[in-house]
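Take a look at the letters that make up each chain.
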Amino acid sequence: MTNQHKIIVAGCGGMSQAWVTEAKERHNAEIVALVDLYEATAKAMAERHQLNVPIFADLSAALVATDASLVFDVTIPASHKQIVTTALLAGVHVLGEKPMAESLEDAEEIVRTSEQTGKRYAVMQNRRYLKPIRAYRDLVQSGQIGDIGSIHADFFLGPHFGGFRDVMDNPLILDMAIHTFDQARFITGADPVSVYCHEYNPPGSWYKGNASAICIFEMDNGAVFSYNGSWCAEGLNTSWEAEWRVTGSKGSAKWDGANLPVGEAVAEGSPGGFIREFQQLNVPVTYEGRDAHQGCFDEMFASLDEDRPAETDCRDNIKSMKMVFGAVESARSGKKVML
C-alpha cells in the first residue's frame, strides 16, 4: 500500500535542499508547510522551489494548522530532540538528518517517545546505500573469509567547512564518525560492547576542538573494530566512505570506499607452508536500488508504506549513537567505556 505523505519541512538551510527536492519528485509526497526560526530563510526556500505553502517559526503551530502526516527534520543537531519529540507526540512520523541528538540521554528519550507513540523515526544514514558497500557487506557476511576477527577503517580528509564545526569540541567524532561507526555495524552485522578512544588535535588544525581520533571497539561477535580518523588531514585523502579492511579466519576483504571491494582467501587444497596460497574471491553486485541519499529515502518511505521499522529506524541507529557518545566519554575520561 502506498500512502500519500503530507510533509512539513523543519529547517530550511544546509541539507534541506536535497530533502525538499526529494519530496517534490516523489509521486506520493506533498510539502504542506515550511518551518524555520528565520522567516527569510524559509521564504528563500519557498521561492527557490516554487512552493506556495505557509511558513511558520514554530513546529507546533505548523502541526496544528496543517494535516501533515510526516515531518522532515533538517534542523541543526541541537534542535533534533525538540523537533522529533514534538512531531511524534502530535502523532506524526519523522524522517531526519543525523545525528539523532546531541547527547545519548536525548537520543534515548527520542527512542522511548517513538515506542510510546507508535510513530516511526528514521535517520538518514546514506552511506549504507551504495553498491560497493552493499557488495562489501555481502562478501564479509558470506562466510568466504571465515569468522570475522577484526575490522579496520581509515578516514583522512581536510574539509574547510567554516561555521559551527570549526568551534565544536569533538567535530570529527560527533559530526562525522557516526557515518563510519554505522558503516562498521552494517558491514559486519555486529554491535559494539565497549570502546577506548584517544582524541587529539594535530599541528595545523583549523578546528577549535579535537579533529582527530583513534578508537578501539569490541564488538558482540568477538571482533575488534579499529577507527583511525582525521578531519584536518591535508593530502593523500581517503574517500568520504573511509578505507576498510576486514580480516577473517580464512581470508581478508578490502574496500577503498569508492570502487568495488576485493577479497582473498586461502586456496582450497593449499599445501600449507610459511605463506599459504590464496584465491581471489568473487564479489557480485546485487543491490539495484538508488545510491546514497536517494536509496535511504526510498527505504524510509517504503517502511512507512509497509508499516515496518526502516533499516535506519531510531531503535537501530541508537546503537551507532552509543558508539559516538561512548567514544567521546572515553576520550574525556581516558578509560574504556562499556556500551
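Here the structure is shown first, and the text comes after it.
None of these values were measured; they are calculated from a predicted model.

Draft legend 1. Spatial organisation of the packing of helix 4 (residues 80–89) against helix 5 (residues 104–117). Contact pair helix 4 / helix 5: the axes reach a minimum separation of 9 Å and the direction vectors enclose 10 degrees. On the basis of their axis angle, the class for helix 4 and helix 5 is roughly parallel. Together, His80, Lys81, Val84, Thr85, Leu88 and Leu89 of helix 4 and Asp106, Glu109, Ile110, Thr113, Ser114 and Thr117 of helix 5 make up the contact between the two elements. A per-class count over the contact of helix 4 with helix 5 returns four nonpolar, five polar and three charged.

Draft legend 2. Region of interest: helix 8 (residues 292–305). The terminal C-alpha atoms of helix 8, which comprises 14 residues, lie 20 Å apart, in line with the 20 Å expected from a rise of 1.5 Å per residue. Counting buried positions over the 14 residues of helix 8 gives 11, a clear majority of the element. Taken residue by residue, helix 8 has His293, Gly295, Cys296, Phe297, Glu299, Met300, Phe301, Ala302, Ser303, Leu304 and Asp305 as its buried positions. The inward-facing, buried residues of helix 8 contact strand 1 (5–10), helix 1 (16–25), strand 4 (70–73), strand 5 (93–96) and strand 6 (121–123). Immediately beyond the C-terminal end of helix 8, within one or two residues, lies Asp307, with a positive phi of roughly 55 degrees.

Draft legend 3. Structural context of the sheet that holds strand 2 (residues 29–35). The six strands are arranged 3-2-1-4-5-6 in an open sheet whose pairing can be described as parallel. Every other strand in the sheet has two partners, leaving strand 3 (55–56) and strand 6 as the edge strands with one partner each. Sheet analysis places strand 1 next to strand 2, joined by six bridges and oriented parallel. Bridge assignment links Ile7 to a residue of strand 2, and that residue is Ile31.

Draft legend 4. The arrangement of a nonpolar patch on the surface in detail. A cluster of nonpolar side chains, contributed by Val266, Phe274, Ile275 and Phe278, occupies part of the molecular surface with about 480 Å² of accessible area. Positionally, Ile275 belongs in the loop between strand 13 (262–266) and strand 14 (278–280).

Draft legend 5. Quick peek at the packing of aromatic side chains. Applying the stated criterion to the full structure yields 14 aromatic pairs. Ring centres of Phe181 and Phe225 lie 6.3 Å apart, and the angle between their planes is 85 degrees; on these two criteria the pair is classed as edge-to-face. Of this pair, Phe181 sits in helix 7 (residues 171–188) while Phe225 sits in strand 10 (residues 224–230), placing them 44 residues apart in sequence. Considered together, Phe181 and Phe225 belong to a single accessibility category, that of buried residues.

Draft legend 6. Representation of the environment of Tyr129 in the model. With respect to the helices and strands, the residue Tyr129 is situated in the loop between strand 6 and helix 6 (131–141). The buried category is assigned to Tyr129, whose relative accessible area is 4%. Taking the C-alpha atoms as reference points, Tyr129 and His293, separated by 164 residues in sequence, lie 7.4 Å from one another. When neighbours within four sequence positions are excluded, Tyr129 is seen to be in contact with Arg134, Tyr287, Arg290, Asp291, Ala292, Gly295, Cys296, Glu299, Glu311 and Thr312.

Draft legend 7. Looking closely at the sheet that holds strand 13. Strand order across the open sheet formed by nine strands is 14-13-12-11-7-10-9-8-15, with mixed pairing between neighbours. Of all strands in the sheet, those with a lone pairing partner are strand 14 and strand 15 (337–338), marking the two edges. Each of strand 7 (148–156), strand 11 (243–248), strand 12 (251–255) and strand 13 touches helix 6; the most contacted strand, strand 12, lies at about 170 degrees to it. Along the sheet face, helix 9 (residues 314–333) touches strand 8 (192–200), strand 9 (212–219), strand 10 and strand 15 and points at about 45 degrees away from the line of strand 8.

Draft legend 8. Focus on the packing of helix 7 against helix 9. One can describe the packing of helix 7 onto helix 9 by two numbers: an axis separation of 9 Å at closest approach and a directional angle of 125 degrees. As the angle between them shows, helix 7 and helix 9 are arranged oblique. Along this stretch, helix 7 crosses helix 9, giving a crossing that reads as right-handed. From helix 7, Ile173, Leu174, Ile178, Phe181, Asp182 and Arg185 reach across to helix 9, where they touch Asp316, Asn317, Lys319, Ser320, Met321, Met323, Val324, Phe325, Ala327 and Val328.

Draft legend 9. Focus on the environment of Asn170. Among the structural elements, Asn170 can be located in the loop between strand 7 and helix 7. In sequence terms Asn170 and Tyr207 are 37 residues apart; their C-alpha atoms lie 9.3 Å from each other. Once you skip the residues sitting within four places of it in the chain, Asn170 turns out to touch Asp175, Glu199, Asn210, Val328 and Arg332.

Draft legend 10. Just the pattern of salt bridges, in detail. Taken as a whole, this structure holds 26 salt bridges when the rule is applied. Between Lys6 and Asp67 there is a salt bridge; the shortest N-O distance is 2.8 Å. Placement of the pair is Lys6 in strand 1 and Asp67 in the loop between helix 3 (59–65) and strand 4, with a sequence separation of 61 residues. The class for Lys6 is partly exposed, based on a relative accessible area of 27%. Across the salt bridge formed by Asp291 and Lys131, the nearest N and O atoms sit 3.7 Å from each other. Separated by 160 residues along the polypeptide, Asp291 in the loop between strand 14 and helix 8 and Lys131 in helix 6 bring together distant segments of the chain. What you see here is one network of salt bridges that share partners, running through Arg128, Arg134, Asp182, Arg185, Asp191, Glu311, Asp316 and Lys319.

Cut-offs used in this document
- Residues numbered from 1 in each chain as written.
- Predicted model: local features only at pLDDT ≥ 70, side-chain atom pairs only at ≥ 80, totals over all residues.
- Heavy atoms only, no water.
- Axes fitted to C-alpha atoms, helices over the stretch in contact; angles between N-to-C directions.
- Helix = DSSP H or I, 4+ residues; strand = E, 2+ residues; numbered from the N terminus.
- Parallel < 35°, antiparallel > 145°, perpendicular 65-115°, else oblique.
- Contact = heavy atoms within 4.5 Å.
- Nonpolar A, V, L, I, M, F, W, Y, C, P; charged D, E, K, R; others polar.
- Expected span 1.5 Å × (residues − 1).
- Buried < 20%, exposed > 50% of the residue type's maximum accessible area, 1.4 Å probe, protein only.
- Pairing = 2+ DSSP bridges.
- Patch = residues over 30% accessible without salt bridge, like charges linked within 9 Å, V, L, I, M, F, W, Y side chains within 5 Å.
- Areas by Shrake-Rupley, 256 points an atom, 1.4 Å probe, with all protein chains shown as cover.
- Salt bridge = Lys/Arg side-chain N within 4 Å of Asp/Glu carboxyl O.
- Phe/Tyr/Trp six-rings, centres within 6.5 Å; stacked < 30°, edge-to-face > 60°.
- Left-handed = near helix turned anticlockwise from the far one by under 90°.

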